[in-house]
Amino acid sequence: MAYLITKENIKEVLNALIAAKTVYAPKKDAEDTVLFEKLVNASEWHGDSLLTHTTAKDKVYLQSERFFKIKKDKNGVTIEDPAEPEEIVIFGCRPCDARGFDVINKLFNWSDFVDEYYTKRMAKTTIITISCEKPESTCFCTSFAKGSPVNETGSDLLLTPLKDGKYLAEAYTEKGEKVISDNLKYFSEAAETEAKEKEAFKTASEAKIIKKLDLAAIKKLMEPAFESAYWETVHLPCVKCGACTFVCPTCYCFDITEKAFDNMNSERVRSWDTCMSEIFTRMAGGVNPRSDTKKRFRQRFMHKFNYHVDNFKEELCTGCGRCIKACPVSIDVRKVIEGIK
Amino acid sequence: MDKELQELIKKLLTEKKAEWAIGYEKAYDEFSTRPAFIIDPADTARLIFNKYCINNLGLYLTKLKKNKLAVVCKGCDIATVFELIREKQFKRENVAIIGVACEGVLDKRTNKLLEKCENCQVKQPKGADFTLGNAKNSEKPKSYADVVEFEKKSSKEKLEFWNRQFEKCIRCYACRNVCPVCYCPDCFALRSMPEYLSKHVDADKNKLFHMIRMQHVFGRCTDCKACDTACPVNIPLSMLTKKLAKDAKELFNYESGADTDARPPLSTYDEGDSESDIM
């Protein structure tokens, strides 16, 4: 069942959520950086930017996550597990961000292994998404099977702006329905015409996305192009920082490190890692299968648009375009994979 | 200027005065450019120069293992090339510096003129092998007013400001990797045995990383702002690099990239040296 809500009432709902849970929403700081930050009042919500500088990924898949602490004393060894995750709400992300969670959910629940640190936190996360009215030049979500400025994949509740400052609110999960039922006084029932209005919104918004890639055709080219001379030159501008991977809603690679603080205390931590980094694949003894920068550069695209598709039948990318914007040398993922030969 | 630039590079490559040329080309929209690497003289048509050519191409001189390179440099980027020559990363005769007159570059994120471009003394490049275009240098000297203003804050205020900045840091190392003088093949931040810096990302460890990096580039950093403009979360690293430049100037009367034979302040000792701490 679809509902309608005004922008003012969205803020009321947001305040009600803030009172009950930890709410992360786009917030702008003094340096004009827009990040998902913990809100204390709905007035802090910055809804004008299309995309935040980094994704909301780090609210569920922490950049550094302590698995446990080990403490030794005269009574023996005790292992301290992390605290149970709290209920959180990610408010105001975009369909590409929400779909990013859907993509990595499958990864962290792959085959017979469940990553409980991620999964437990995800189970307590409610994702409220806002459809995109003004896609930017870096957006390319429509290249993907499920991608669209109004796509609901990964969202519990989707808000689509319509005429007259109203939003169409559609719940897709129980968590999303609960947000509406708990705050029912702020919502009114939507009519058929508004569902049609959403269709028009979708058409208009999608028309603003200038680039649509034929990913199936590109996928076919990737395997044979593994040793192609193309990679010899295309990687040259890349400075091999990890900005693209750390702002990506789907990059999930990590490293696990153990640290002893002293003889009695230590911890095990999982931290994000990046395939762009030289030490990502460096093994004990110094052997490194991806020793040169070309190989590391190639890996990022091969993983996203070839290997991951083999394993999961979808790309490890949602077309948000953050990597293009964050890249210090403006490398465009679309151009790189389109140029493969 | 683009046509002249293309012709010049075509000539250098054809006459084998350079094996490779590094310039700029258009990136994904009208506000963005990216470094272009030209090997084939027939491939120069994509080269451009405009107010969005923000990257410091001196960065690639230590990355490409080539004997003869031609590199397009804004006046400020030439300081970087000179600094790298001073550090004996390559020989002066192996790099053809193509200086381009520049009226200032704009940050693609904000579309605003970079702070370093105000009061620029090298709009018209100095020390280049070839110079294209004409620009008038600023008559006013470089201003450190913003650093002086920040220095007046209390320790607590400074700490609060930087804690907030380093809370944002995602340790992607874009700042380090775009830094032309951060060319160590094995950065302390990536060492695991012994581990100088934990992979655990939090404000304290991020701060430690940035402080160590700043100490490492003191007297070498030319305040080119590459780290600042590369930061995906807009940490104003240029405040730190500008402070380094100011301290080098005030404490040691030293300017990085000005002289290819100079000895930087931290690798020399003189009885008259300032006793003050940098930073």
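Draft legend 1. Geometry of the overall build of chain B. Assigned secondary structure in chain B consists of 8 helices and 5 strands. In sequence order, the secondary structure elements of chain B are arranged as α-β-β-β-α-β-β-α-α-α-α-α-α. Over its C-alpha trace chain B gives a radius of gyration of 19 Å, about what one expects of a compact globule, namely 19 Å for 279 residues. Taken along its principal axes, the extent of the C-alpha atoms in chain B is 55 × 40 × 40 Å.

Draft legend 2. Here's a closer look at helix α1 (residues 7-20) of chain A. When the terminal C-alpha atoms of α1(A) are compared, their 20 Å separation across 14 residues agrees well with the 20 Å that a helix rising 1.5 Å per residue should span. Turning to α1(A), the residues buried within the fold contact β1 (2-6), β2 (22-28), β6 (88-93), β8 (157-161) and β9 (166-171) of chain A.

Draft legend 3. Molecular detail of the interface of chain B and chain A. Every contact between the two is made by 29 residues of chain B and, on the other side, 35 residues of chain A. For the side of chain B that touches chain A, the secondary structure elements donating two or more residues are β2 (33-38) and α5 (174-177) of chain B. The biggest single contributor to the side of chain B that touches chain A is β2(B), with 4 residues.

Draft legend 4. A look at the sheet that holds strand β1 (residues 20-26) of chain B. All names here are of chain B. Strand order in this open sheet of 5 strands is β2-β1-β3-β4-β5, and the pairing throughout is mixed. A single partner strand is all that each edge strand has here, and the edge strands are β2 and β5 (130-132). The mean angle between the axes of side-by-side strands here comes to 30°, regardless of whether they run parallel or antiparallel. Where β1 and strand β3 (residues 69-74) come together, 3 bridges link them in parallel fashion. By the bridge assignment, A21 is partnered in β3 with A70. Helix-sheet contacts for helix α2 (residues 75-86) involve β3 and β4 (95-100), and the interaxial angle to β3 is about 135°.

Draft legend 5. A look at the sheet that holds β6(A). Residues and elements named next belong to chain A. Strand order in the open sheet formed by 8 strands is β3-β2-β6-β7-β8-β9-β1-β10, and the pairing between neighbours is mixed. At either end of the open sheet lies a strand with only one pairing partner, and these are β3 (34-38) and β10 (188-189). Judged from the 5 bridges that link them, β1 and β9 form a sheet pairing that is antiparallel. Looking at the pairing, L4 lines up with L168 of β9. Packing of helix α4 (residues 174-182) onto the sheet brings it into contact with β1, β7 (125-130), β8 and β9, and relative to β9 it is tilted by some 135°. Across the face of the sheet, helix α5 (residues 192-207) comes into contact with β1, β8 and β9 while running at roughly 75° to β1.

Draft legend 6. Local environment of the pairing of β2(B). Residues and elements named next belong to chain B. Across the 6 residues that make up β2, a large majority, 5, are buried. Inspection of the sheet shows β1 paired to β2 by 6 bridges, in the antiparallel sense. Looking across to β2, one finds that Y24 is bridged to P35. Once β1 ends, the chain turns through 6 residues before running back antiparallel as β2.

Draft legend 7. Highlighting unusual backbone geometry. Positive phi, close to 60°, is recorded for D164(A), a residue that is not glycine. Locating D164(A) in the fold gives a position in the loop between β8 and β9. The phi dihedral of K16(B) falls on the positive side, at around 60°, and the residue is not glycine. Owing to 9 C-beta atoms within 10 Å, K16(B) belongs among the exposed residues under this scheme.

Draft legend 8. Region of the structure containing the domain arrangement of chain B. Residues and elements named next belong to chain B. Segmenting chain B into domains produces domain 1 (2-132) and domain 2 (145-267). Computed from C-alpha coordinates alone, the two centres of domain 1 and domain 2 are separated by 24 Å. Each partner contributes residues to the interface: domain 1 has 19 residues there, and domain 2 has 17 residues. Here the side of domain 1 that touches domain 2 is composed, by residue class, of 8 nonpolar, 4 polar and 7 charged.

Draft legend 9. Region of interest: the packing of helix α6 (residues 215-222) of chain A against helix α9 (residues 293-312) of chain A. Residues and elements named next belong to chain A. Relative orientation of the contacting elements α6 and α9 amounts to 90°, with a least axis distance of 10 Å. Between α6 and α9, the crossing angle belongs to the class labelled roughly perpendicular. Here α6 contributes L215, I218, K219 and M222 to the contact with α9, which in turn contributes M302, F305, N306 and V309. Broken down by class, the residue content of the contact of α6 with α9 amounts to 6 nonpolar, 1 polar and 1 charged.

Draft legend 10. Structural detail: the environment of V269(A). Within the secondary structure layout, V269(A) lies in strand β12 (residues 265-272). You can call V269(A) buried: it has 21 C-beta atoms within 10 Å. Taking C-alpha positions, V269(A) is 38 Å from S137(A), a pair spaced 132 residues apart along the chain. Beyond its immediate stretch of four places on either side in the chain, V269(A) contacts S64(A), E65(A), R66(A), F67(A), T257(A) and H200(B).

Draft legend 11. Structural context of the environment of M264(A). With respect to the helices and strands, M264(A) occurs in the loop between β11 (254-260) and β12. Every residue in contact with M264(A), bar those within four places of it in the chain, is listed here: K71(A), K72(A) and D73(A).

Conventions used here
- Residues take numbers from 1 onward in each chain, read along the sequence in its written order.
- Chain labels run from A onward and ligand labels from 1 onward, assigned in the order the entries are written.
- For a predicted model such as this one, the threshold for reporting local features is a pLDDT of at least 70, and the threshold for listing and counting side-chain atom pairs is 80 or more; totals across whole chains, interfaces and linings nevertheless cover every residue.
- Starting at the N terminus, helices and strands are each numbered in turn, a helix being any DSSP run of H or I of at least four residues and a strand any DSSP run of E of at least two.
- In this treatment the radius of gyration is a C-alpha quantity, and the globule benchmark scales as 2.2 Å times the residue count to the 0.38 power.
- One fewer than the residue count of a helix, multiplied by 1.5 Å, yields its expected span.
- Contact between two residues is assigned when their C-beta atoms, built from the backbone, lie within 7 Å.
- A pair of strands is labelled paired if DSSP reports no fewer than 2 bridges between them.
- Note on geometry: axes are C-alpha line fits, over the in-contact stretch for helices, and angles between N-to-C directions span 0 to 180 degrees.
- Using C-beta atoms placed from the backbone, we call a residue buried if 20 or more other C-beta atoms fall within 10 Å of its own, exposed if 12 or fewer do, and partly exposed for counts in between.
- Residue ranges assigned to each domain were obtained from an automatic or database domain assignment.
- Throughout this entry, Asp, Glu, Lys and Arg are counted as charged residues, while Ala, Val, Leu, Ile, Met, Phe, Trp, Tyr, Cys and Pro are counted as nonpolar. The remaining residues, Gly among them, count as polar.
- Note on angle classes: values under 35 degrees are labelled roughly parallel, values over 145 roughly antiparallel, values of 65 to 115 roughly perpendicular, and the remainder oblique.

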